[in-house]
Amino acid sequence: MLTSIIQERAPVAATALPVIKLLKYALLAALILLTGWLGWAYSQVLTWRTGNPQMSAFMQQDLESRHIKNPKVRLKHHPVPYKRISVNLKRAVIAAEDASFVDHNGFDLDGIQLAMEKNLKAGHITAGGSTISQQLAKNLFLSGERTLLRKAEEAIYTVMLEATLSKRRILELYLNYAEWGNRIYGAEAAARHYYGIPASMLSPWQAARLAAILPNPRYYDGRRTEWISEKSNTIRHYMPMVRIPR
C-alpha cells in the first residue's frame with residue numbers, strides 16, 4: 001500500500017521540479033534584462049550631464065508626427081547656457097511648476113497629495129503633481145503615454161537625474177527642452193517667438209506669461225485669455241519668494 005502511494009506521488013514531484021527550474025530561469029532572465037535596461041538608462045542620463053543632444057525624446061516624437069503631413073517641417077530650438085536665461089524666467093517657472101524644486105529629491109509628496117485631492121474633487125485628472133525633475137525625465141527619455149509602466153520608468157529616470165545632475169543642470173535642461181508652443185522648444189526660441197528678444201532679456205511679466213502657458217503651450221500659442229492673465233499675475237506674486245539654483 002505504502003509503495004503504491006509513493007509510486008503515485010513520484011510523477012507529481014518529478015513534474016514540479018521542471019516548473020520550479022523554469023520559474024528560476026524566468027526570474028534570472030528578468031533580473032538580467034532589468035539590470036541591462038538600468039545600465040542603458042543610466043548611460044543615457046550621463047550623456048545629458050554636460051552635453052546637449054540635438055533633440056529630446058518628446059521633440060523627436062513631435063517631429064516624426066509632423067513629418068507625416070509635412071516632411072520639410074522643422075522645430076525651433078536654440079539651447080543656451082544657464083547664465084543666458086533670465087533670472088525672471090527661472091523664478092517664474094519654479095513658482096509655477098515646482099515651488100520646492102531646490103529642496104526635494106525629485107518627488108514632492110505634498111504636491112502629489114494635493115494633486116490627488118484636486119483630482120478626486122473634480123472627478124477626473126486636473127492636476128499631475130509632477131516636479132520639474134519628473135517632467136524633465138519624461139521629456140528627455142519617454143513617450144507621452146499615461147501608463148503605469150511609463151510612470152515607473154519616469155520615476156527611475158527621475159532618481160537617476162537627481163543622483164547624477166545638479167539642480168542647476170536639471171533646471172537648465174528643463175528650460176532648454178520644454179515645449180513652449182507649436183514647434184517651439186526651449187527658453188531662447190520661446191523668447192524670440194513671443195517677444196522678439198533673447199531669453200536673457202525677459203522681463204518679470206514676460207517670464208510669468210511664458211511660465212503660465214507651460215501646461216498647454218500649443219493651445220496658448222497665439223491666444224490671450226483672461227485665465228492666462230490671472231495665472232501670470234499669480235506667478236508674478238510668488239516669483240520673489242522662490243529660490244533658484246546658483
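## A look at the overall build of the chain
(1) Moving on: What the chain contains, in helices and strands, is 11 helices and three strands.
(2) Moving on: Among the 246 residues that make up the chain, the fraction classed as buried is 40%.
(3) Moving on: Within the chain, residue pairs in contact and separated by at least 24 positions form 68% of the contacts whose partners lie at least 6 positions apart.
(4) Moving on: Of the roughly 14,500 Å² of accessible surface on the chain, a fraction of 60% belongs to carbon and sulfur atoms.

## A few points about the packing of aromatic side chains
(1) Moving on: With the rule as written, the count across this model stands at nine aromatic pairs.
(2) Moving on: Put simply, the rings of W37, W48, F141, Y157 and Y177 touch in pairs and so form one group of aromatic residues.
(3) Moving on: Over the face of the ring belonging to F101 we find K167, whose NZ or CZ atom lies 4.6 Å from the ring centre.

## Things to note about the pattern of salt bridges
(1) Moving on: In this structure the tally under the stated criterion is nine salt bridges.
(2) Moving on: Of the charged contacts in the structure, one is a salt bridge between K151 and E154, with a shortest N-O distance of 3.2 Å. Residue K151 and its partner E154 are located together in helix 6 (residues 148–164), separated by three residues, close to a single helical turn.
(3) Moving on: On the basis of relative accessibility, which here comes to 37%, the residue K151 falls in the partly exposed class.
(4) Moving on: Note that R192 and E188 form a salt bridge whose closest N and O atoms lie 2.8 Å from each other. Pair noted here: R192 and E188 are both in helix 8 (residues 187–195), with a separation of four residues, about one helical turn.
(5) Moving on: Residue R192 is classed as partly exposed on the basis of its relative accessible area, which comes to 45%.
(6) Moving on: In this structure E188 comes out as buried when scored by relative accessible area, which is 3%.

## Quick word on unusual backbone geometry
(1) Moving on: The phi torsion at R183 lies on the positive side, around 70 degrees, for a residue other than glycine.
(2) Moving on: Along the chain, R183 falls in the loop between strand 2 (179–181) and strand 3 (184–185).
(3) Moving on: Taking the relative accessible area as the measure of exposure, R183 reaches 25% and is therefore partly exposed.

## Focus on the environment of R168
(1) Moving on: As for its placement among the helices and strands, R168 is situated in helix 7 (residues 167–177).
(2) Moving on: Through-space distance from the C-alpha of R168 to that of Y82 is 7.9 Å; in sequence the pair is 86 residues apart.
(3) Moving on: Not counting residues within four places of it along the chain, the set of residues in contact with R168 comprises Y82, P245 and R246.

## Observations regarding the confidence of the model for the chain
(1) Moving on: For the chain, per-residue confidence averages 88 on the pLDDT scale, and 87% of positions sit at 70 or higher.
(2) Moving on: Counting interchain partners and residues more than four positions distant, the pLDDT-below-50 stretch residues 1–10 has zero contacts.

## A look at the packing of helix 3 (residues 87–97) against helix 9 (residues 204–212)
(1) Moving on: Closest axis-to-axis distance for the helix 3/helix 9 pair is 8 Å, and the angle between their directions is 40 degrees. By crossing handedness, the relation of helix 3 to helix 9 is classed as right-handed. Together, N88, L89, A92, V93, A96 and E97 of helix 3 and P204, A207, A208, L210 and A211 of helix 9 make up the contact between the two elements.
(2) Moving on: Of the residues assigned to the contact of helix 3 with helix 9, the class counts are nine nonpolar, one polar and one charged.

## Quick notes on the environment of A189
(1) Moving on: Among the structural elements, A189 can be located in helix 8.
(2) Moving on: Here A189 falls in the buried class, since its relative accessible area comes to 5%.
(3) Moving on: Taking C-alpha positions, A189 is 5.8 Å from H78, a pair spaced 111 residues apart along the chain.
(4) Moving on: Apart from the residues within four sequence positions on either side, A189 is in contact with K76, H77, H78 and I184.

## Quick notes on a nonpolar patch on the surface
(1) Moving on: Judged by side-chain polarity, Y25, L28, L31 and I32 come together as a nonpolar surface patch covering roughly 450 Å² of accessible area.
(2) Moving on: The exposure class assigned to I32 is exposed, which follows from its relative accessible area of 54%.

## Some points on the packing of helix 3 against helix 7
(1) Moving on: Interhelical geometry of helix 3 versus helix 7 gives an angle of 90 degrees and a closest axis separation of 11 Å. The orientation of helix 3 relative to helix 7 falls into the category roughly perpendicular. Residues L89, K90, V93, I94 and E97 of helix 3 form the contact with helix 7, whose participating residues are L171, Y174 and L175.
(2) Moving on: The residue inventory of the contact of helix 3 with helix 7, partitioned by class, reads six nonpolar, no polar and two charged.

Calculation notes
- Residues numbered from 1 in each chain as written.
- Predicted model: local features only at pLDDT ≥ 70, side-chain atom pairs only at ≥ 80, totals over all residues.
- Heavy atoms only, no water.
- Helix = DSSP H or I, 4+ residues; strand = E, 2+ residues; numbered from the N terminus.
- Buried < 20%, exposed > 50% of the residue type's maximum accessible area, 1.4 Å probe, protein only.
- Contact = heavy atoms within 4.5 Å.
- Areas by Shrake-Rupley, 256 points an atom, 1.4 Å probe, with all protein chains shown as cover.
- Phe/Tyr/Trp six-rings, centres within 6.5 Å; stacked < 30°, edge-to-face > 60°.
- Lys NZ or Arg CZ within 6 Å of the ring centre and 35° of its normal.
- Salt bridge = Lys/Arg side-chain N within 4 Å of Asp/Glu carboxyl O.
- pLDDT = per-residue confidence, 0-100.
- Axes fitted to C-alpha atoms, helices over the stretch in contact; angles between N-to-C directions.
- Left-handed = near helix turned anticlockwise from the far one by under 90°.
- Nonpolar A, V, L, I, M, F, W, Y, C, P; charged D, E, K, R; others polar.
- Patch = residues over 30% accessible without salt bridge, like charges linked within 9 Å, V, L, I, M, F, W, Y side chains within 5 Å.
- Parallel < 35°, antiparallel > 145°, perpendicular 65-115°, else oblique.

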